[in-house]
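Here's the letter readout for the chains.
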Amino acid sequence: MGAADMGAVEFHFDFGSPNAYLAHLVIPEIEKRTGARFDYVPILLGGVFKLTNNRSPAESMRGIKNRLEYEELERERFVRRHAITRFTFNPFFPVNTLMIMRGAVAAQFEGVFERYVDEVFRHMWAEPKKMDDPEVVRAALVQSGLLARAQAAEVKERLLKNTESTVARGTFGSPTFFVGNEIFFGKDRLRDVEEEIVRART
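Keep in mind that this is a model prediction, so the values were computed, not measured.

1. Here's the deal with the nonpolar core
In this structure, F11, F13, F15, F38, Y116 and F177 are the most contacted members of the largest nonpolar core, which totals 47 residues. A total of eight residues in this core trace back to one element, the largest contributor, which is helix α6 (residues 113-126). Among the nonpolar cores identified, the runner-up in size contains six residues, and V41, V48, F49 and V167 belong to it.

2. Brief notes about the pattern of salt bridges
For the structure on display, the rule yields 13 salt bridges. A salt bridge links R75 to E72; the nearest nitrogen and oxygen atoms lie 2.3 Å apart. Note that R75 and E72 are positioned in helix α4 (residues 67-81) at a spacing of three residues, about one turn of the helix. Linking R199 and E196 is a salt bridge whose minimum nitrogen-to-oxygen distance equals 2.6 Å. With R199 and E196 both in helix α9 (residues 190-200) and three residues apart, the pair spans about one turn of that helix. The buried category is assigned to E196, whose relative accessible area is 11%. What emerges from the salt-bridge pattern is a single network uniting R86, E119, R122 and E127.

3. Regarding the sheet that holds strand β2 (residues 38-42)
Hydrogen bonds along the backbone pair up the strands of a sheet, which may run parallel or antiparallel. A sheet is described by the order of its strands in space; here four strands give the open sequence β2-β1-β3-β4, paired in mixed fashion. Strands with a single pairing partner mark the edges of an open sheet, and in this sheet they are β2 and β4 (182-185). The mean inter-strand angle of the sheet, taken between neighbouring strand axes irrespective of direction, is 20°.

4. Concerning the packing of aromatic side chains
Counted according to the given criterion, the structure contains 17 aromatic pairs. Ring geometry for F13 against F15: centres 5.3 Å apart, planes inclined by 75°, an arrangement best described as edge-to-face. On the numbers, 4.5 Å between centres and 45° between planes, the contact of F172 with F185 is tilted. Taken together, the residues span a long stretch of sequence, with F172 in the loop between α8 (153-168) and β3 (176-179) and F185 in strand β4 at a distance of 13 residues. Relative accessible area serves as the criterion here: at 38%, F172 is assigned to the partly exposed category. Directly above the ring of F178 sits R169, whose terminal nitrogen or CZ lies 3.8 Å from the centroid. In this structure, K187 is placed above the aromatic ring of F78, and the distance from its NZ or CZ to the ring centre is 5.4 Å.

Conventions we followed
- All residue numbers refer to position in the chain's written sequence, counted from 1.
- For this predicted model, a pLDDT threshold of at least 70 governs which residues receive local features, and a threshold of 80 or more governs which side-chain atom pairs are given and counted, while totals over whole chains, interfaces and linings are taken from all residues.
- As a convention, hydrogens and water are excluded, and side-chain values are obtained from all of the structure's heavy atoms.
- Residues enter a nonpolar core if they are buried and are Ala, Val, Leu, Ile, Met, Phe, Trp, Tyr or Cys, with the set joined through side-chain atoms within 4.5 Å.
- Here's how the labels work: a residue is buried when its accessible area is under 20% of the maximum for its type, exposed when over 50%, partly exposed in between, all with a 1.4 Å probe on protein chains only.
- Only DSSP runs of H or I covering at least 4 residues are called helices, and only runs of E covering at least 2 are called strands; the numbering of each starts at the N terminus.
- A side-chain nitrogen of Lys or Arg and a carboxyl oxygen of Asp or Glu constitute a salt bridge if their distance falls within 4 Å.
- A pair of strands is labelled paired if DSSP reports no fewer than 2 bridges between them.
- Orientation is described by axes fitted as lines to C-alpha atoms, over the contacting stretch for helices, and by angles from 0 to 180 degrees between their N-to-C directions.
- Side-chain rings of Phe, Tyr and Trp (the six-membered ring for Trp) are treated as a pair once their centres are within 6.5 Å; stacked means planes under 30 degrees apart, edge-to-face means over 60, and tilted covers the remaining angles.
- Here, over-ring charges are defined by two tests on the NZ atom of lysine or the CZ atom of arginine: distance to the ring centre within 6 Å, and angle to the ring normal within 35 degrees.

Structure representation (structure tokens):
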């Protein structure tokens, strides 16, 4: 499903977002119910923050009494609602994701994107590792049977283009979803995403 299609359903994500991982686990349920197919678009969250003058929630909420605790409560509620059993907050968070996001684009070129996404999300949030350490990343990809040409010029160019394009469309963080031209931010908007998919097709 192409990004230019009016009915396209897109998931713009960065592996460094725990909420992107949780959304990734729920997306198959929505696809099954609606018949829609989500188009995964790798973006660089650090680049998005720079282009939008935004900061990570962990940074922006620091020092606000009770706010981070509430975010954790909402995450726990989401996990229970969707019976998610494979989630462990990464003790190395925040992680610089440039290397693994370039790897995602490289995996698209190499035709192993879906498996790469599943495996890197697993190494980030189910069996968490320090996924900005080159040796750790290499070992994780070897373990998963994946190696990617993440330093190729066309890979770097596509990730940069994805990031600039998503910001131009209104993105300021991850996960962000588009249903046609409608934008939704955060895992807690998945119900709205599903409703919009159904609305757009009726």
